[in-house]
Amino acid sequence: MSTPARLFPRRRMSSATAALPTQVRFLAWRSLLRTARQPIIIVPPLVFPLFLLAINASGLDAATAIPGFPAESYVAFALAFPFVQGSIFATNTAGTNVAEDIGTGFFNRLSLTPMEGPSLLVGQLSGVLLIGTVQAIAFLAAGLAAGVEIQSGIAGALVLFVLSLAICAAFGTIGLFVGLRTGSGEAVQGLFPLMFIVLFLSSAALPRDLIAQDWFQTVATINPVSYLIEGLRSLIITGWDGEALALGFGVAIAIFAVGLAGSTLALRERLVRT
Amino acid sequence: MKPRSRYLAVARTVVWRNLHSAVRQPALILPALAFPLFFYMAFAGGLSAVGDLPGFGYYDYNAFQFVFVLLQSAAFGGVFIGFSIGADFDSGFTRRLFLAARARSAVITGFGVAAVIRAAGVWAMVFVIALATGMEVGGNGIDLAGLVGLALIVNVAAFLFAAGLMTRLRTLQAAPAMQLPLFFILMTSPVYVPRDLLQGWIETVAEFNPMTAIIEAGRSLMAGDPFHLLLAFALASGLAAALVVFARTGLRRAEAAG
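Cut-offs and rules
- By convention here, each chain's residues receive numbers from 1 onward along its written sequence.
- Going through the entries in the order they are written, you letter the chains from A and number the ligands from 1.
- The model is predicted, so local features are restricted to residues of pLDDT at least 70 and side-chain atom pairs to those at 80 or more, both for listing and for counting; the totals for chains, interfaces and linings are taken over all residues.
- Helix numbering and strand numbering both begin at the N terminus, where a helix is a DSSP run of H or I of at least 4 residues and a strand a DSSP run of E of at least 2.
- Note on method: radius of gyration uses C-alpha positions; expected globular size equals 2.2 Å times residues raised to 0.38.
- The burial label depends on the number of other C-beta atoms within 10 Å of a residue's C-beta. Counts of 20 or more mean buried, 12 or fewer mean exposed, and intermediate counts mean partly exposed, with C-beta atoms placed from the backbone.
- Two residues qualify as being in contact provided that their C-beta atoms, derived from the backbone, are within 7 Å of each other.
- Residue type decides the class: Asp, Glu, Lys and Arg count as charged, Ala, Val, Leu, Ile, Met, Phe, Trp, Tyr, Cys and Pro as nonpolar, and the leftover types, Gly among them, as polar.
- Here the axes come from fitting lines to C-alpha atoms, over the contacting stretch only for helices, and the angles between their N-to-C directions go from 0 to 180 degrees.
- Any angle that falls under 35 degrees is termed roughly parallel, while one over 145 is termed roughly antiparallel, one within 65 to 115 roughly perpendicular, and all others oblique.
- Note on convention: near helix rotated counterclockwise from far helix by under a right angle means a left-handed crossing. Clockwise means right-handed.
- Under the convention used throughout, the expected extent of a helix is 1.5 Å for every residue step, that is, one less than its residue count.
- What the arc describes is the spread of directions from the helix axis to the C-beta atoms.

## Here we look at the overall build of chain B
At step 1: Broken down by element type, chain B carries 10 helices and 0 strands.
At step 2: Tracing chain B from N to C terminus, the helices and strands come up as α-α-α-α-α-α-α-α-α-α.
At step 3: Compactness check: chain B gives a C-alpha radius of gyration of 19 Å against a globular reference of 18 Å for 258 residues, within 12% of the reference.
At step 4: Counting only C-alpha atoms, chain B reaches 60 × 35 × 35 Å along its principal axes.
At step 5: The buried share among the 258 residues of chain B stands at 47%.
At step 6: Look at the contacts in chain B between residues 6 or more apart in sequence, and 81% of them connect residues 24 or more apart.

Take a look at the structure:
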């Protein structure tokens, strides 16, 4: 069922392929509605990162006095943090939704239709991107309200927006992979602390060159999340930094590609199992 | 069987069951173990440059963060047991236990003792790792005993809060209602820098936050230079005493609900 091209005759196959955008549209609409109807899915990813930003910005404002600190305001420096933290919530949302679909039998019913795998994955990610959009607007508005000036200007704010959505989609594919692989909402929830740890063991709180502990600096350098944060941060506090942006987008695309490949395999296996 | 022996038997059974579950299902105890360790690594490792700021005035940033992590794990250790209470309500086990046990407060006492035992295990692990990674201890044995005593009271107070809430709401779905207030109280105290270096709204909130005095006293004990201990112990004990009432009334509501 996952590969209708092999199952349908040539004439039917072309119509099935042509139906792909329709399938994506229906599943995306379902995912958007499902997300929008559950405030519990939207509110924590908005409130929790903003709360942590408020605490860290005040609690660590003294860190701007460290020689070589790249910003005058810690709020500006830390503003990239909620974008990535919010994206981590996307992992949970995507994974929990797909696990719920498996648990309720929706997936089994879907596998009896000529639905294609890619449309299912893209459709499931739409809800995540909706949350990502709401988050990006809220975090940017909160930063501007707190007096942060985006050094790269309006165009930079737009790129910031695009990069944050790319990060959301990238983490969303990880959630999809775990959800499809395990079919368990609990397993997806168990991923959250792990993702949180990865976020904290990055250059989120201080620039890498100012991290005094060698082991932490090494971990932060290896940690891909550092490059996502640094890409976003460069637009806020530096201006246009080609290297930081290339690394940020590169890492987001790489995570997305790996997550999508894993999800596609897991989906194929899941459909065989069902 | 005397009432006292019966009470102890019920409490002991609940303790044994809880610890047994934690051993048999490591996923239950793993967050309680991993989170303090991770916070210690992230804060002490990632922010150690903050310890060199002018006016910081504490002898070792690792020790500064260790005390916060110790008290945080004490508080969350109490709350994590609340999950067990909630799960037992969800499965109907607590209701059956209430029917069997004449002294129902013994059930809550049992959960409380389990919370203390589990928290003590976490503290020992974090302490060993902190020492192994270069934390310097300024205080002597008596100071450290005082620090552990303070953490114990915080653990009991947090447990009583969780028990009071869970006996009222009687479902695991109420878990965020236990965690969020605690998280807020902990994070609006001087977590990263001493109070003198705090700026903005958090400076004002920290001033009135009871956790500030408790954390500052803990840090002073760690440094071997005790400071406003009486205030810290009075606040922690007062909070625990008030939460005894909260937990007792919650238990009565759970009994009434049947």
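Anyway, onward from the coordinates.
## Observations concerning the overall build of chain A
At step 1: In terms of regular secondary structure, chain A is built from 13 helices and 0 strands.
At step 2: Listing the helices and strands of chain A from first to last along the sequence gives α-α-α-α-α-α-α-α-α-α-α-α-α.
At step 3: A compact globule built from 274 residues would reach a C-alpha radius of gyration of about 19 Å, and chain A, at 20 Å, matches this within 12%.
At step 4: C-alpha extents for chain A along the principal axes are approximately 70 × 35 × 35 Å.
At step 5: Among the 274 residues that make up chain A, the fraction classed as buried is 49%.

## Describing the interface of chain B and chain A
At step 1: Listed by partner, the interface residues are 23 residues for chain B and 21 residues for chain A.
At step 2: The set of elements that each furnish at least two residues to the side of chain B that touches chain A consists of helix H2 (26-46) and helix H8 (201-208) of chain B.
At step 3: With 6 residues, H2(B) is the single largest residue contributor to the side of chain B that touches chain A.
At step 4: Considered class by class, the residues forming the side of chain B that touches chain A number 17 nonpolar, 6 polar and no charged.

## Description of the environment of B:Gly78
All names here are of chain B.
At step 1: Here Gly-78 lies in helix H3 (residues 61-91).
At step 2: Taking C-alpha positions, Gly-78 is 10 Å from Met-178, a pair spaced 100 residues apart along the chain.
At step 3: Setting aside residues up to four positions removed in sequence, Gly-78 forms contacts with Ala-115, Asn-155, Val-156, Ala-158, Phe-159 and Ala-162.

## What about the packing of H3(B) against helix H6 (residues 141-169) of chain B?
When two helices pack together, their arrangement is given by the angle between the helix axes and by the axis-to-axis distance.
Residues and elements named next belong to chain B.
At step 1: H6 packs onto H3 with a crossing angle of 30 degrees between their chain directions and a minimal axis gap of 8 Å. Taken together, the axes of H3 and H6 lie roughly parallel to each other. In the crossing of H3 with H6, the sense of the turn from one axis to the other is right-handed.
At step 2: When the residues that make up the contact of H3 with H6 are grouped by side-chain class, the tally is 19 nonpolar, 5 polar and no charged.

## Some words on helix H7 (residues 175-187) of chain B
Residue and element names in this part refer to chain B.
At step 1: Over its 13 residues, H7 extends 18 Å from the first C-alpha to the last, a length consistent with the 18 Å expected when each residue adds 1.5 Å.
At step 2: For H7, the full list of buried residues reads Met-178, Leu-186 and Met-187. All buried residues of H7 lie within an arc of 125 degrees about the axis, which places them on one face of the element.

## Topic: the environment of B:Ile85
Residue and element names in this part refer to chain B.
At step 1: By the element assignment, Ile-85 lies in helix H3.
At step 2: As a C-alpha pair, Ile-85 and Arg-170 span 85 residues in sequence and 8.0 Å in three-dimensional space.
At step 3: Look past the residues within four positions of Ile-85 in its chain and what remains in contact with it is Thr-94, Phe-111, Ala-163 and Met-166.

## A closer look at unusual backbone geometry
Of all residues except glycine, most have a negative phi; of all peptide bonds, most are trans.
At step 1: Phi at B:His228 takes a positive value of approximately 30 degrees, unusual for a residue other than glycine.
At step 2: Inspection of the secondary structure puts B:His228 in the loop between helix H9 (210-223) and helix H10 (229-257).

## Section: H10(B)
Residue and element names in this part refer to chain B.
At step 1: In this model, H10 (29 residues) spans 41 Å end to end at C-alpha, consistent with the 42 Å of a helix rising 1.5 Å per residue.
At step 2: Among all positions of H10, only Ala-232, Leu-235, Ala-236, Leu-239, Ala-240, Leu-243, Ala-247, Gly-250 and Ala-254 are buried.
At step 3: Of the surrounding elements, those touching the buried residues of H10 are helix H5 (105-132), H6 and H9.

## Details of the packing of helix H8 (residues 117-145) of chain A against helix H9 (residues 153-182) of chain A
All names here are of chain A.
At step 1: Between H8 and H9, whose axes approach to 9 Å, the crossing angle comes to 140 degrees. Relative to H9, H8 is oriented oblique. When the axes of H8 and H9 are compared, the crossing they make is right-handed. Across the interface between the two elements, Leu-121, Gln-124, Leu-125, Val-128, Leu-129, Gly-132, Thr-133, Ala-136 and Leu-140 from H8 touch Ala-157, Phe-161, Ser-164, Leu-165, Cys-168, Ala-169, Gly-172 and Leu-176 from H9.
At step 2: When the residues that make up the contact of H8 with H9 are grouped by side-chain class, the tally is 12 nonpolar, 5 polar and no charged.

## Some points on the environment of A:Gln135
At step 1: Checked against the element boundaries, A:Gln135 lands in helix H8.
At step 2: The exposure class of A:Gln135 is buried, given the 25 C-beta atoms found within 10 Å.

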